[in-house]
Amino acid sequence: MNTPVRLNMPSPTGPELKAARLAAGLSQVQAADLMGYPVQPGSRGGVQSRTWQAMESPGGDRNMQGPAFAMFLLLTGAHPDFELVRRSAAAADPSPPQP
């Protein structure tokens, strides 16, 4: 059995979230799509994510939850302590080898 890893997962402020997104080279729409947040048509054409905009707002009362921010950092390769690594096919299959 695997031992769970405990992560410190504080919620980011709006400016911290924006800085992480910009460091990853993503637009708000790309970041929202990566994390599964809704994207809708914008008033000037194109698309936007009001949810992501609200989370990046400096004085907003809507912050991204810590575990979601940790996942965002992992997915963008920016987590300070961990990285995502794809399991090999053999490691992913828990069944014993066939003779």
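Above this text sits the structure in question.
First, a word on what this report is: a plain description of the structure on this page. These figures come from a predicted structure and were not determined experimentally. (Residues numbered from 1 in each chain as written. Predicted model: local features only at pLDDT ≥ 70, side-chain atom pairs only at ≥ 80, totals over all residues. Heavy atoms only, no water.)

Here the focus is the nonpolar core. A general trend in soluble globular proteins is that nonpolar side chains are found buried together. Counting residues in each nonpolar core, the largest one holds 12 residues, listed as Leu17, Ala20, Leu26, Ala31, Ala32, Met35, Trp52, Met55, Met64, Phe69, Phe72 and Leu73. Those elements that place two or more of their residues in this core are α1 (14–23), α2 (28–35), α3 (50–56) and α4 (66–75). Ignoring any residue separated from it by four or fewer positions in sequence, one finds phenylalanine 69 in contact with Pro10, Pro12, Leu17, Ala20 and Met64. (Core = buried A, V, L, I, M, F, W, Y, C linked by side-chain atoms within 4.5 Å. Buried < 20%, exposed > 50% of the residue type's maximum accessible area, 1.4 Å probe, protein only. Helix = DSSP H or I, 4+ residues; strand = E, 2+ residues; numbered from the N terminus. Contact = heavy atoms within 4.5 Å.)

For α2, the full list of buried residues reads Ala31, Ala32 and Met35. In an axial view of α2, the angular spread of the buried residues amounts to 100 degrees, which keeps them on one side of the axis. For α2, the elements touching its buried residues are α1, α3 and α4. Downstream of α2 by a residue or two, glycine 36 has a phi angle that is positive, lying close to 80 degrees. (Arc of directions from axis to C-beta.)

Residues of α1 that are buried include every one of Gly14, Leu17, Ala20 and Arg21, and no others. Relative to the axis of α1, the buried residues are bounded by an arc of 130 degrees and lie together on one face. The inward-facing, buried residues of α1 contact α2, α3 and α4. Directly after α1, the chain includes glycine 25, whose backbone phi takes a positive value near 75 degrees.

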